[in-house]
Amino acid sequence: MAKILVVTSGKGGVGKTTTSAAIGTGLALRGYKTVIVDFDVGLRNLDLIMGCERRVVYDFVNVVNGEANLQQALIKDKRLENLFVLAASQTRDKDALTTEGVEKVLMDLKGQFDYVVCDSPAGIEKGAHLAMYFADEAIVVTNPEVSSVRDSDRILGLLASKSRRAEKGEDPIVEHLLITRYNPQRVADGEMLSIEDVEEILSIKLKGVIPESQAVLKASNQGVPVILDDQSDAGQAYSDTIERLLGKEKPLRFIDGKKKGFFERLFGSK
């Protein structure tokens, strides 16, 4: 049965779009027909990270307004047969999306795809609310910093109370935690929260820890989802996250700091 999966957080800049691209691509790699929908009307970054920005002719708002149909607006990924992107508009504002219009598009997509991945904008305004409103599952993305975790806690409150499932008294949205930009050395130095700290505050099931990595920036600049870089620690961590989302057991990797050598311990390191 098709699932709507929202990638959300309270704070901007935590890696939601990078995560949406990686999750969507990872699901497609495993044989699921997947579409990634950019809800960030007015900014639009998903198509850049997916490397299809020059191919956007019609967008999400065009479909909601009846100015184009879904088949005209869906962009097929050049690398994977069963992966598609529905881009956001750069020229409209978030009020261009309506609950009725978004529902129609998402239900049409559910009829065609196994997974609909919704890339939510930051914050708690209309675009973010619509991205989560129809979700079956949510990936809550947070950095291991107090402000980011606090904002994610607020998002959990909205997922529990402001979704269509909550309003109809149905089973709640299944919530998954993803910690991004994790640096074990900074955790050891007391500059970041530990995994255990974040889990204790948010109390939802941890599905992955993505290490702080130059590979993420490099992949974004090249228009390639980082999960396709299977030599990078971030790419491998996202791949592990997909396995866990699909119900498989997978130990966490890249969460221990680099052990110092004898001379580093003796003399310290710069």
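Our structure is the block above this text.
Residues numbered from 1 in each chain as written. Predicted model: local features only at pLDDT ≥ 70, side-chain atom pairs only at ≥ 80, totals over all residues. Heavy atoms only, no water.

**Digging into the overall build of the protein chain**
In step 1: The number of helices and strands found in the protein chain is 13 helices and eight strands.
In step 2: The C-alpha radius of gyration of the protein chain comes to 19 Å, within 12% of the 18 Å expected for a compact globule of 270 residues.
In step 3: Principal-axis analysis of the C-alpha atoms gives the protein chain an extent of 70 × 40 × 35 Å.
In step 4: Restricting the contact set of the protein chain to residue pairs at least 6 apart, pairs at least 24 apart contribute 74%.
In step 5: Split by element, the accessible area of the protein chain, about 12800 Å² in all, is 48% carbon and sulfur.
In step 6: Computing the positive centroid from 36 side-chain charges and the negative centroid from 40, the protein chain places the two 3 Å apart. (Helix = DSSP H or I, 4+ residues; strand = E, 2+ residues; numbered from the N terminus. Rg over C-alpha atoms; globule rule 2.2 N^0.38 Å. Contact = heavy atoms within 4.5 Å. Areas by Shrake-Rupley, 256 points an atom, 1.4 Å probe, with all protein chains shown as cover. Lys, Arg positive; Asp, Glu negative; His and termini not counted. Charge placed at Lys NZ, Arg CZ, Asp CG, Glu CD.)

**Considering the pattern of salt bridges**
In step 1: Counted under the stated rule, the structure contains 14 salt bridges.
In step 2: Between Lys76 and Glu81 there is a salt bridge, with its nearest N and O atoms 3.4 Å apart.
In step 3: On the basis of relative accessible area, Lys76 is assigned to the partly exposed category, the value being 32%.
In step 4: For Asp240, the salt bridge is made with Arg253, and the minimal N-O distance between the two is 2.9 Å. Taken as a pair, Asp240 in helix H12 (residues 233-245) and Arg253 in the loop between H12 and helix H13 (262-267) lie far apart in primary sequence, 13 residues in all.
In step 5: Judged by its relative accessible area of 5%, Asp240 is buried.
In step 6: Overall, the relative accessible area of 35% leaves Arg253 in the partly exposed class.
In step 7: By sharing partners, the salt bridges in this structure join Arg30, Glu243 and Lys248 into a single network. (Salt bridge = Lys/Arg side-chain N within 4 Å of Asp/Glu carboxyl O. Buried < 20%, exposed > 50% of the residue type's maximum accessible area, 1.4 Å probe, protein only.)

**A closer look at empty space enclosed by the protein**
Which parts of space are left empty comes out when a probe the size of a water molecule is rolled across the atoms.
In step 1: Applying the stated criterion across every chain yields a total of one cavity of 30 Å³ or more.
In step 2: Roughly 30 Å³ of volume is contained in the largest cavity.
In step 3: Lining of the largest cavity is provided by Thr18, Ala21, Ala22, Ile49, Val216, Ala219, Ser220, Val224, Pro225 and Val226.
In step 4: Considered class by class, the residues forming the lining of the largest cavity number eight nonpolar, two polar and no charged. (1 Å grid on protein atoms, 1.4 Å probe; cavity = no way out; pocket = protein on both sides within 12 Å on 5 of 7 lines; lining within 4 Å. Points joined across faces, edges and corners; volume = space filled by probe spheres on them. Nonpolar A, V, L, I, M, F, W, Y, C, P; charged D, E, K, R; others polar.)

**Details of the pairing of strand S6 (residues 137-142)**
In step 1: S6 sits mainly inside the fold: six of its six residues count as buried.
In step 2: With burial as the criterion, each face of S6 is covered, one bearing Glu137, Ile139 and Val141 and the other bearing Ala138, Val140 and Thr142.
In step 3: The pairing of S6 with strand S7 (residues 174-182) spans six bridges and is parallel. In the strand pairing of S7, Val140 is matched with Leu177. (Pairing = 2+ DSSP bridges.)

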